[in-house]
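Summary of structural features
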Amino acid sequence: MDTANKGKKRFSGRFFLILNLIAAGSLLVSQAAPLISPAEFWPLELVALAYPILLFFNLIFLIYWGIRRHQYFFLSSAIILMGYDKLAQLYQPTIFTVDVMPPKGAHKVMSYNVRLFDLYNWSGNLETRKKIVSMLKEEQPDILCLQEYFQNDEGDFENNKSISENLHLPYSTIKYGLTLRKKHHWGLATFSRYPVINEGVLFFEEGKTNFGMFSDIVIKGDTLRVYNVHLQSNHFKQRDYNFIANPDSGNKEVMMDGAKHLLKRIRSAVNKRSNQAEELSLHIGTSPYPVLLCGDFNDPPFTYTYHTSRKFLRDAFTEKGKGFGATYIGFPLKFRIDYILHSPDDIIIHSYQTKHYKYSDHFPITAWFSLNIPKATP
């Protein structure tokens, strides 16, 4: 009996060790995947996207071996610690974060994908646009970056003048990727309390639906370059959302067709975003001024898109954020895909917040910052 029990224990121990090795190896690949462009091998991006799931399984094994006081405890713990930066990008403990008032002279930046101010009434509430403008007025950012911006030169959605006047932001950079009927415009908008002395647009090779732009803003004698970007959307159809929510339809052919359609869309979007991130990073590298990068990347932080876009920058969330910081709420799983990134030495982040207003399929994010630009010696 004792021999049989010992045999079972050895078998179960080996079985769990094999599973642990698979989970640890997969997590290691997931942590390294953002270093490799999807153009070279795009399925690696799927492994990168699986990072939270793989992390969860490795934590289970870590607890299992820890309870048994076994040396295999160090297997998953070592892999997790190797990817500590990914863990920090995913979650920021709230217990160690203390809310502090920003110092005098600090500036507030907000980034928000407004989903066209609910132009097509997705929310079922005709007051959504007014609520968005009212919320922005209440938040009173000094710099406001809006993605999926819509402007109607006539009628209720005349947003250029409305936002500028209501928020007392007299300066702006507004670029359109699409114009219909000469008065309906889709694009990006950056509003500022401080003068804009130069601006430019980054139309990527993939087209003008998703693009980026920059504004050179002068704040008390110092110049800051603010990028506002909206990288390639996944353009999921309703059938894709239905498949994600319920992949097991009971019909193998339907399941295979749903999976193929979803993977096709992911592959296309991932490749386009990776190219856009590379173009964006190259442009940021040429900036003569400190950089604030705001926008909707349409990718979580453990991806090639994020890794490439923040090549020269730091993430305000990892410095002053709390919890998971999810910003996209239009999906069964919640992800952080909206960012405020900044130059590491010339900009100091004092606070970061995810604002839980449900007027769009994104949450707005804000950060208080100060400039720390050395003055030139005479």
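Everything below is about the structure shown above.
To start, this report covers the structure provided alongside it. Since this is a predicted model, take the numbers as computed values, not measurements. (Residues numbered from 1 in each chain as written. Predicted model: local features only at pLDDT ≥ 70, side-chain atom pairs only at ≥ 80, totals over all residues. Heavy atoms only, no water.)

Under the criterion given, the structure shown has ten salt bridges. As a salt-bridge pair, R225 and D216 come within 2.7 Å of each other at their nearest N and O atoms. For D216, a relative accessible area of 2% translates into the label buried. With its nearest N and O atoms 2.8 Å apart, the salt bridge here joins R273 to D299. Taken together, the positions of R273 in helix α11 (residues 252-285) and D299 in the loop between β8 (291-296) and α12 (304-309) put the pair 26 residues apart, joining distant regions of the chain. When its relative accessible area of 2% is taken as the criterion, R273 is described as buried. On the accessibility criterion, D299 (2% relative accessible area) is buried. Several salt bridges share partner residues, and in doing so they unite K108, E139 and K355 into one network. (Salt bridge = Lys/Arg side-chain N within 4 Å of Asp/Glu carboxyl O. Buried < 20%, exposed > 50% of the residue type's maximum accessible area, 1.4 Å probe, protein only. Helix = DSSP H or I, 4+ residues; strand = E, 2+ residues; numbered from the N terminus.)

Taken across its eight residues, strand β11 (residues 347-354) has six buried, putting it largely inside the fold. Strand direction decides the pairing type here: β11 and strand β12 (residues 365-371), joined by seven bridges, are antiparallel. Across the sheet, residue I348 finds its bridge partner in β12, namely S370. (Pairing = 2+ DSSP bridges.)

Once that is clear, we can look at helix α9 (residues 159-166). Listing the buried residues of α9 in full gives N159, N160, S162, I163 and S164. Those residues of α9 hidden inside the fold are in contact with α7 (115-118), α8 (128-139), β2 (143-152), β3 (171-180) and β4 (184-192). For α9, the N-terminal cap is E158; the gap from its side-chain oxygen to the backbone nitrogen of K161 is 3.4 Å. Following α9 by one or two positions, H168 has its phi on the positive side, about 55°. (Contact = heavy atoms within 4.5 Å. Polar contact = N/O pair within 3.5 Å; in protein donor to acceptor, adjacent residues only side chain to side chain.)

Counting residues in each nonpolar core, the largest one holds 20 residues, and the members touching the most others are V109, I143, I219, L224, L292, I340 and F369. At the level of secondary structure, the elements contributing two or more residues to this core comprise β2, β6 (211-219), β7 (222-230), β8, α13 (316-320), β11 and β12. Counting residues per element, this core draws most heavily on β12, which supplies four residues. The residues contacting I340, other than those within four sequence positions of it, are V109, S111, L292, L293, C294, R314, D315, A316, Y352, I365, T366 and A367. (Core = buried A, V, L, I, M, F, W, Y, C linked by side-chain atoms within 4.5 Å.)

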